[in-house]
Structure formats: C-alpha cells, structure tokens
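Fold and geometry: a report
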Amino acid sequence: MKIETIDLNFLGSEHVIASFLLMDEGGGSAAIVETGPTTCLDRLMRGLDDHGVSPEDVHGVFLTHIHLDHAGASGHLAELLPNAIFHVHEIGHPHLVDPSKLMKSATRIYGDRMDELWGEARPVPEDRLVVLGNGEEIGAAGGVLRAYDTPGHAYHHLAYLEPGSGAMFAGDVAGIRLPGQSYVRPPTPPPEVDVDAWLRSIEAVRQVGPESIWPTHFGNYDDVERHLSELEQRLQDWLLFVEGHMDQGADRDEIAEELGAKGDAEMLAEGAGPEDYKHYDLAGDYGALVDGLMRYVSRRRRKA
Ligand SMILES: [Zn+2]
C-alpha cells in the first residue's frame with residue numbers, strides 16, 4: 001500500500017489540514033483517511049486526480065471523528081465518490097446521518113465564520129455508513145486498517161493503524177504538529193475534551209507501538225515516543241495552568257492571553273517562530289483551547 005498526504009490548503013494555508021490517500025499498488029482501489037471540511041472539497045478532489053485516482057476507485061473513507069475540519073465534507077463526498085463506504089465511531093454515526101445538531105453546536109463556537117471556515121455539511125446516506133469499534137480491522141486499498149478507540153479530544157475518536165507500515169493515522173489524539181517542527185500542541189476545543197481519557201488514549205497508542213504517527217494537523221513523524229511524551233506532559237501542564245488561573249478568578253479572555261504567551265514561549269524554546277504560531281493557531285487557537293479546558297475543569301468539579 002502506498003500512502004500520500006493531500007494538503008487541503010485550508011484557508012489558503014499549507015500544512016494545516018491533511019487528508020491521507022491510501023492506494024493499492026496493484027491499482028484500482030484506494031481509500032482516504034479524513035475528508036477535511038467542505039470548503040476544501042475541490043482541493044481534495046484535485047488531490048485524488050493528481051495521484052491518478054478516479055472517484056470510482058475510492059472504496060473506503062475513514063473518519064477519525066466528526067468535527068468539521070476532519071469529516072465536514074462527508075455528505076458531499078458520498079455524492080462524488082459513488083463506491084465509497086464511510087467508517088466512523090458509533091457515537092459519531094448519528095451526526096453523519098443528520099448533521100443538523102453538529103452544525104448547531106459548531107455555530108455556537110464559530111458564529112458567522114461558519115461558511116468561510118467549514119461550509120455546508122450534508123447528510124451521509126445510512127447505507128453508506130459503517131460503525132467501527134476498538135480493534136476492528138477493515139480492508140482498505142489492498143491492505144487493512146485497524147481502528148482504535150481513542151477518546152479525549154472527542155468521545156467519539158478513532159485512530160487507524162496500517163499494520164503493514166506501522167503508520168498510525170492519529171486524527172487529533174496525537175495533537176497538532178506541523179512539518180519541520182518538534183512542538184506538539186494539544187487541541188482542546190469544546191465541547192468534549194476529557195484530559196483523563198486522553199492520557200489513557202495516549203498510553204493506548206504507545207502500547208500499539210506505531211512506527212510513525214500521522215496527525216491530521218499535519219504530516220507524519222517517526223519520533224513517536226518523544227512526540228507522545230511531549231503531548232502527555234503538555235496536556236497535564238496546560239490543564240493545571242488553566243485550573244490555577246480559574247482558581248485565581250481570571251476570566252476566559254485573560255486565561256487565553258496567558259496561555260497564549262506561555263504556549264508561544266514554549267514554541268520559541270523549541271525553535272519555532274511567529275510565522276509558525278499562526279499556522280498552529282489555524283489548527284487550534286488559544287481561545288478555543290481554553291474554552292475546552294475550562295469546560296472540562298468545571299464538569300469534573302461538578303462530578304466530584
Ligand atoms: Zn482537528
């Protein structure tokens with residue numbers, strides 16, 4: 001199996017959202033992991049064409065989770081890829097059949113920027129959808145993909161291992177890391193962030209032992225253990241930071257500013273510069289990340 005990265009050129013920026021194209025080296029069968037948002041649909045279709053893959057060749061679409069930057073184009077693609085079956089976590093399934101609740105919840109976060117960022121989400125016909133659970137293996141592009149339940153960024157998150165190469169398509173469970181960088185940013189937007197679950201998922205990925213990890217934001221990396229450890233530590237550190245500021249009575253905007261200063265300083269220490277900050281912000285900006293962490297802290301306290 002051959003694996004290619006299609007850069008969806010989100011908002012005209014390279015290296016923010018990827019779709020991964022899996023091709024049978026014998027030809028004739030292909031699969032993709034992640035659709036990207038509807039606003040990147042043309043770019044995705046051109047990417048298939050660039051690699052000589054016709055829409056009829058795509059038999060499988062594998063979604064890590066249903067957030068609009070990962071799966072927003074699914075309904076449109078169901079029309080454009082006549083032979084594709086869409087694979088998704090069971091909790092995500094109803095939102096692909098009927099995206100209206102998902103769109104409503106995204107509108108609460110993104111407001112009047114919905115069209116510019118994501119575009120329209122159409123339903124995926126139910127007979128084109130298959131639910132995958134932990135450890136399930138499904139044929140794809142002449143090989144197989146194995147799904148792993150990896151909650152934390154969202155309850156309904158799957159990562160996919162391609163056992164032949166040891167490549168793991170990590171969605172958002174392995175964080176945001178852009179090409180040429182070592183820095184890993186935890187994407188913690190509302191509404192479902194669960195840091196404890198996420199830490200267990202990172203440990204589960206470690207146990208699987210992939211040779212390389214392929215975050216949707218963006219690319220692929222071989223220093224798996226270093227990458228996972230950095231994410232694990234930063235998740236815990238950022239959670240304590242946000243919780244500490246909440247206890248001091250800081251409001252959301254203040255915390256976002258403080259976390260932004262802290263995060264940018266961390267990036268600088270790993271050799272990234274202000275141009276790079278902007279790219280990381282496109283994949284996960286501090287305001288949204290603080291919203292998600294604050295919500296998690298409040299939820300956990302209500303439970304305690
Ligand atoms: Zn994402």
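Overview of the structure. (Residues numbered from 1 in each chain as written. Predicted model: local features only at pLDDT ≥ 70, side-chain atom pairs only at ≥ 80, totals over all residues. Heavy atoms only, no water.)

**Focus on the pairing of strand S9 (residues 158-162)**
Among the five residues that make up S9, five are buried, leaving the element largely enclosed by the rest of the structure. Side chains Leu158, Tyr160 and Glu162 of S9 all project onto a buried face; the interleaved residues Ala159 and Leu161 project onto the opposite face, where all are buried too. Sheet topology places strand S8 (residues 143-149) next to S9; four bridges connect them, and they run antiparallel. Each bridged residue has a counterpart across the sheet, and for Asp149 the counterpart in S9 is Leu158. Note: S9 against strand S10 (residues 167-171), three bridges, orientation antiparallel. (Buried < 20%, exposed > 50% of the residue type's maximum accessible area, 1.4 Å probe, protein only. Helix = DSSP H or I, 4+ residues; strand = E, 2+ residues; numbered from the N terminus. Pairing = 2+ DSSP bridges.)

**A closer look at the coordination of the zinc ion**
Every protein donor of the zinc ion is accounted for by Asp69 (OD), His70 (NE2), Asp172 (OD) and His217 (NE2), and the metal-donor separations fall at 2.0 to 2.4 Å. Mapped onto the sequence, the donors of the zinc ion take the spacing D-H-x101-D-x44-H. Note that His70 is positioned in helix H2 (residues 68-71) and Asp172 in the loop between S10 and helix H7 (195-208), a separation of 102 residues in sequence. Neither residue differs from the other here; His70 and Asp172 are each classed as buried. (Donors = N, O, S within 2.8 Å, 3.2 Å for Na, K, Ca; no water.)

**Observations regarding the nonpolar core**
Nonpolar side chains in soluble globular proteins generally cluster together in the buried interior. Among the nonpolar cores identified, the biggest contains 98 residues, and Leu22, Tyr160 and Phe169 are the most heavily contacted of them. Residues in contact with Leu22, not counting those within four places in the same chain, are Met1, Lys2, Ile3, Ser29, Ala30, Ala31, Val33, Ala141, Leu145 and Phe169. (Core = buried A, V, L, I, M, F, W, Y, C linked by side-chain atoms within 4.5 Å. Contact = heavy atoms within 4.5 Å.)

**Examining the pattern of salt bridges**
The full count for this structure, using the stated rule, is 23 salt bridges. Glu116 is the partner of Arg113 in a salt bridge, and the nearest nitrogen-oxygen pair spans 3.2 Å. By relative accessible area, which is 38% here, Arg113 ends up partly exposed. Given a relative accessible area of 45%, Glu116 falls into the partly exposed group. Across the pair Glu243 and Arg301 runs a salt bridge, and its minimum N-O distance is 3.0 Å. Placement of Glu243 in helix H8 (residues 224-247) and of Arg301 in helix H11 (residues 286-303) is noted, with a sequence separation of 58 residues between them. Among the residues examined, Arg301 registers a relative accessible area of 39% and is labelled partly exposed. (Salt bridge = Lys/Arg side-chain N within 4 Å of Asp/Glu carboxyl O.)

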